[in-house]
Amino acid sequence: MPDGCDRFLMTFQALSPKRLMPVLALLLLVGSGLVVLPAAAAGKEGAVSSAPPAADLWQAAEKAAAAGRKEEAAGLFDRVYRLHRGEGQGEEALWREVRLRDELALGQAGADWGAVRDLYRLYTIDYPQGAHFEEAYLGLGLSHFRMYFFREAAIYFKLFLDRFPQSSLRVKATYWQGPTLFMIGR
């Protein structure tokens, strides 16, 4: 059974030159910007946006979190983050999402710690001077530990201790470094 890429290639190869020319012409026009597809026009002035304002999303996320609907709240904070990525509200929205996803994963057997790790990494990349940078860096180590990637976790805990010697989270990093080193036989 051919996969999606193979099916695409077979379909593409089956097109005769007569049928292929209009497709290629459309691709060239769209790529050059001479033709704007309806989905692309949504970001332009005068276009009607169906997304609610960020303040409404933030309030909805806060209400969902207060009501214990963590999954919904995390999704709403993610939307706020994507709307305000380069602003202070974007940073706080991403951090709230990270913490909610972490709490959800702690309560689930077989949780997707890779997704949590990726969110911690995203925070450290997008906000290297952020208010929660140290916590996010430590969260990277903890996520690796929970995925049973003990060598990676040991590296993150050691780097944390080296980079943040005055951190209030130093005790927690040292605590988690112990079982991690035990698991890799050191």
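Anything mentioned here points back to the structure above.
Let me begin by describing the structure that accompanies this report.

Re the environment of R82
By the secondary structure assignment, R82 is in helix α5 (residues 70-83). The exposure class of R82 is exposed, given its relative accessible area of 54%. Sequence spacing of R82 and L94 is 12 residues, and the spatial spacing of their C-alpha atoms is 8.6 Å.

Considering the nonpolar core
With 43 residues, the main nonpolar core has L94, Y120, L138 and F160 as its most contacted residues. If you list the elements that add at least two residues to this core, you get α4 (54-66), α5, α6 (88-106), α7 (113-126), α8 (133-146), α9 (150-163) and α10 (170-183).

Points about α6
Spanning 19 residues, α6 covers 27 Å between terminal C-alpha atoms, matching the ideal 27 Å at 1.5 Å per step. Listing the buried residues of α6 in full gives G90, E91, A93, L94, W95, E97, V98, L100, D102, L104 and A105. Along its buried surface, α6 packs onto α4, α5, α7 and α8.

Quick look at the pattern of salt bridges
Tallying each qualifying case throughout the model produces 11 salt bridges. Here the salt bridges share partners, and the residues they tie into one network are E71, E97 and R101.

Quick word on the layout of surface pockets
By volume, the largest pocket amounts to about 170 Å³. Lining the largest pocket we find W95, R99, D102, L106, Y120, E135, L138, G139, L142, R146, L169 and K172. Going through the elements one at a time, α6 and α8 are the ones with two or more residues in the lining of the largest pocket. Top contributing element to the lining of the largest pocket by residue count: α8, with five residues. Taken together, the residues that form the lining of the largest pocket break down as six nonpolar, one polar and five charged.

Digging into the side chain of H144
Within the element layout of this structure, H144 appears in helix α8. By relative accessible area, H144 is classed as buried at 4%.

Concerning α9
With 14 residues, α9 ought to run about 20 Å at 1.5 Å a step, and its terminal C-alpha atoms sit 20 Å apart, in line with that. Every buried residue of α9 is accounted for by F150, A153, A154, Y156, F157, F160 and L161. The arc that holds the buried residues of α9, viewed along the axis, is 165 degrees, so those residues lie on one side. Looking at the buried side of α9, the elements it contacts are α7, α8 and α10.

What about the packing of aromatic side chains?
Within the structure shown, the criterion is met by 13 aromatic pairs. Ring plane angle 75 degrees and centroid distance 5.9 Å describe the contact between Y137 and F164, whose orientation is recorded as edge-to-face. Placement of Y137 in helix α8 and of F164 in the loop between α9 and α10 is noted, with a sequence separation of 27 residues between them. The exposure class assigned to F164 is buried, which follows from its relative accessible area of 14%. Stacked on the ring of W176, the Lys or Arg R146 has its end atom at 5.7 Å from the ring centre.

Quick word on the environment of A153
Relative to the elements of secondary structure, A153 occurs in helix α9. Taking the relative accessible area as the measure of exposure, A153 reaches 0% and is therefore buried. Taking the C-alpha atoms as reference, A153 lies 6.6 Å from L142; in sequence the two are 11 residues apart. Other than its neighbours up to four places away in sequence, A153 contacts G141, H144, F145 and T180.

Thoughts on the packing of α6 against α7
Packing of α6 against α7 leaves a shortest axis separation of 10 Å and a crossing angle of 160 degrees. Regarding the angle of α6 to α7, the classification is roughly antiparallel. The handedness of the crossing between α6 and α7 comes out as left-handed. Seen from α6, the contacting residues are E91, L94, W95, E97, V98, R99, R101, D102, A105 and L106; seen from α7, they are W113, V116, L119, Y120, L122 and Y123. Looking at the contact of α6 with α7 residue by residue, the classes come out as 11 nonpolar, no polar and five charged.

Thresholds applied
- Residues numbered from 1 in each chain as written.
- Predicted model: local features only at pLDDT ≥ 70, side-chain atom pairs only at ≥ 80, totals over all residues.
- Heavy atoms only, no water.
- Helix = DSSP H or I, 4+ residues; strand = E, 2+ residues; numbered from the N terminus.
- Buried < 20%, exposed > 50% of the residue type's maximum accessible area, 1.4 Å probe, protein only.
- Core = buried A, V, L, I, M, F, W, Y, C linked by side-chain atoms within 4.5 Å.
- Expected span 1.5 Å × (residues − 1).
- Contact = heavy atoms within 4.5 Å.
- Salt bridge = Lys/Arg side-chain N within 4 Å of Asp/Glu carboxyl O.
- 1 Å grid on protein atoms, 1.4 Å probe; cavity = no way out; pocket = protein on both sides within 12 Å on 5 of 7 lines; lining within 4 Å.
- Points joined across faces, edges and corners; volume = space filled by probe spheres on them.
- Nonpolar A, V, L, I, M, F, W, Y, C, P; charged D, E, K, R; others polar.
- Arc of directions from axis to C-beta.
- Phe/Tyr/Trp six-rings, centres within 6.5 Å; stacked < 30°, edge-to-face > 60°.
- Lys NZ or Arg CZ within 6 Å of the ring centre and 35° of its normal.
- Axes fitted to C-alpha atoms, helices over the stretch in contact; angles between N-to-C directions.
- Parallel < 35°, antiparallel > 145°, perpendicular 65-115°, else oblique.
- Left-handed = near helix turned anticlockwise from the far one by under 90°.

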